[in-house]
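# Notes for the structure review
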Amino acid sequence: MESTAHAFKDNVTTALHDANLQQALGKVRQGFIVKRREAADRLPEFEALRDQARDIKNHTLAHLDFYLEAYEKKVTEQGGQVHWAATAEEARDKIVDICRAADAKVVTKGKSMIAEEIALNAHLEEAGLDVVETDLGEYIIQLRHEPPSHIIAPAVHVTKKQVEADFRQYHADLPPERHLDEPWELVNEARQVLRQRYFQADVGITGANFLVAETGSSIIVTNEGNGDLTQILPKVHIVITSIEKVVPNLDDAMAILRVLARSATGQEFSTYTTLSTGPKRAEDLDGPEAYHVILLDNGRSGMLGGDFADMLRCIRCGACINHCPVYHAVGGHAYGWVYPGPMGSVLTPNLIGVEEAGHLPNASTFCGRCESVCPMRIPLPKMMRHWREREFERHLSPKAVRWGLSLWAFFARRPRLYGWATGMAMSLMAAVGRKNGFFERLPLAGGWTDHRAFPTPQGRTFRAQWAARQRQGEEPS
Amino acid sequence: MTCLVDLMRPSVGFAAVELLERAGCDVEVPLSQTCCGQPAYNSGDRAHAEAIARQVIEAFAGFDYVVAPSGSCAATIKHHYPQMFADDPDLTAKAEDLAARTFELVSFLTDVCGVTAVSSDYRGSVTYHDSCSGLREMGVQNQPRQLLASLDGVDLVEMEESDVCCGFGGTFCVKYPQISNKMVSEKAKRIESTGAELLLAGDLGCLMNMAGKLKRNGSAVQARHVAEVLANRLDDPAIAQPPSSAGQGEG
């Protein structure tokens, strides 16, 4: 997808003035957080499981080549095919080739962030394919021609009323008198339309939450069962996934699954946890005739062993996003590319470059709430700081900031001069602003005073008063 | 001494000194310190951040404890200095030694000095904001509430989402003023809906942000550093208040 991350500030302005978005964001702020906390509280070993999950992924990433080859071997043994894709383009081309070879017309899709990352839908449509998203949220945003605004709740930015309007506009057979006020009515309406499409599909594309090296299985978790119908009914199943999704064995996958749903939605387990292992065997009643796995790198192998390696542990639960006050303020589209919130602020610059996405790691207060809930214990603020350091080194940070920091550091490294200069400045500010107790406007501080008053300093600095107290050996007044 | 307290609100510094002295500590304030370097560190300016960190490590060599009336400055010293010098074994050792001696004020009083109660003339309802670094990096949560609960005249009314960032974030609030404004506006709503007369917190940056917003909104809620109430230093006007309001809330 085309990035607008460079225009982050403009995106923010748009988001803050979007009444529907602001209404919809209230849901994130309330629901997810309470549910996660309750789910974590119900499981005494939750914190220990987080450590275990982290260790499993660290081990796997340290031996990634070994586990990926083991996985490929197993998939191949079972009649499937693994296609390695170094770039988004390679992945897209491979998928189009498979669809053409199958003479496909209709493609159904389960939710996949990797598909978003490589802009798969646009590419398939260009190739003349009819692409149908089957996850309800993805289906809604496909109708609306929008990208997802959240990695597990792609249409979280849309209100119920907007969904109703979309269905009435796009569903030709929908009688005007039918009620679509309640969520279940909307779900039923989408289900009726989608059911037909599953049977028409020639190719089903799903993502993968985990790849299991021991068995050659891919695992998806869904709450709607759409993934199962997507991968079982068509004659070809394509798994589009990325290299860091692999884990050694089923026990490891289960351990991480125990923190995944709890961190994401507060469920103990997702409604459906589905394993797919190769194409249909002779004794199987259902299943695809062909089974392909596209293994995308797209910059990930370059993160191994570096400052951003911890990010490869991410299991896309969305907890960091759900708990991020910046995300709560502006929603996902403002981030300008596929991955929003704290995980996106770290990952996006890795994938599309810090020149394009330089705002994202800066747009954080380092409040640390993301890291405190990350089931994989990924130090998100620390890695955002790494990006800021690279931006600073490469002179990508704004000149005014660099100039300001240098001036401040010049004084801060000379305590006597600092004491004298700040003492003068504070006395002056206090003399001017004491009567009100605050400033409505301050030169060079528009970013502050546009939105809030600036408190007047009390006057004599602490250092000045303390020095006087030391000299006189008495309490200051 | 945090730079904001030094420059903006020295009374918080004196409140901290009083609390520490009452808890039996000998307090010294080395004047060779200026700032902990956090603004440079969080802006990606490692060279300046490290230079200032060296200065701080030097300034506080030899003291038993280093206590700051701020969770965020204390966290910079305790958690970030050792990371900063990870490539230099000698400085790492010094940074870790300093880190082990460094505490946030209120948690130092309760957890190290064993203070369980204080006395204050303040009478009224207060609400307490958990500043992010104090809460998540320094584990400050129950300690200020415990000491506030020891005050007969203080009625603590918890706000919703007291653990959610106020939108200050150091330079964040001027780099992304619109987002910061949205965040502090939400915070101001939570504060006002408690009906409390006074907002307390343990970090002056957050307090200036929230007090500035409350003032701009025309709110009557006042704001002080928690140390001012705990030390009974209430003569100075609350943050962003004119002198005439001095002593308000003293019952």
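What you see is a predicted model; the values in this text were computed from it and never measured. Counting of residues starts from 1 at the beginning of each chain's written sequence and follows it residue by residue. All chains are assigned letters beginning at A, and all ligands numbers beginning at 1, according to the order in which they are written. pLDDT decides what is reported in this predicted model: residues at 70 or higher carry local features, side-chain atom pairs at 80 or more are listed and counted, and totals for whole chains, interfaces and linings draw on all residues regardless.

## A few points about the domain arrangement of chain B
Residues and elements named next belong to chain B.
- Annotation comment: domain bounds sourced from an automatic or database domain assignment. In terms of domain boundaries, chain B breaks down into domain 1 (3-111) and domain 2 (117-239).
- When each unit is reduced to the centre of its C-alpha atoms, the spacing between domain 1 and domain 2 is 22 Å.
- Domain 1 puts 28 residues into the contact, and the matching count from domain 2 is 27 residues.
- Contributions of two or more residues to the side of domain 1 that touches domain 2 are made by α1 (3-8), α2 (10-22), α3 (38-42), α5 (71-84) and α7 (105-112).
- The helix count covers DSSP runs of H or I at least four residues long, the strand count covers runs of E at least two residues long, and both are numbered beginning at the N terminus. The dominant element in the side of domain 1 that touches domain 2, judged by the number of residues it contributes, is α2, at seven residues. With C-beta atoms placed from the backbone, a contact is any residue pair whose C-beta atoms sit within 7 Å.

## Comments concerning the interface of chain A and chain B
- Of the residues lining the interface, 53 residues belong to chain A; the matching set on chain B comes to 60 residues.
- Elements represented by at least two residues in the side of chain A that touches chain B include exactly α1 (8-16), α14 (325-330), α18 (380-393), α19 (399-412), α20 (415-433), α21 (446-449), β12 (454-455) and α22 (462-472) of chain A.

## Description of the domain arrangement of chain A
- For chain A, the assigned domains read domain 1 (59-302) and domain 2 (399-472).
- If you average the C-alpha positions of domain 1 of chain A and of domain 2 of chain A, the two centres end up 56 Å apart.

## Describing unusual backbone geometry
- Unlike most non-glycine residues, Asn298 of chain A shows phi in positive territory, near 50 degrees.
- Considering the arrangement of structural elements, one finds Asn298 of chain A in the loop between β10 (290-296) and α13 (319-322).
- Positive phi values are uncommon outside glycine, yet Asn232 of chain B reaches one of about 60 degrees.
- Within the secondary structure layout, Asn232 of chain B lies in the segment after α13 (226-230).

## Details of the confidence of the model for chain B
- Per-residue confidence from the predictor is given as pLDDT, running between 0 and 100. Scored by pLDDT, chain B has a mean of 95; 97% of the residues are at 70 or more.
- Confidence drops under pLDDT 50 across residues 246-251 of chain B; counting only partners more than four residues distant or on other chains, this segment forms 20 contacts.

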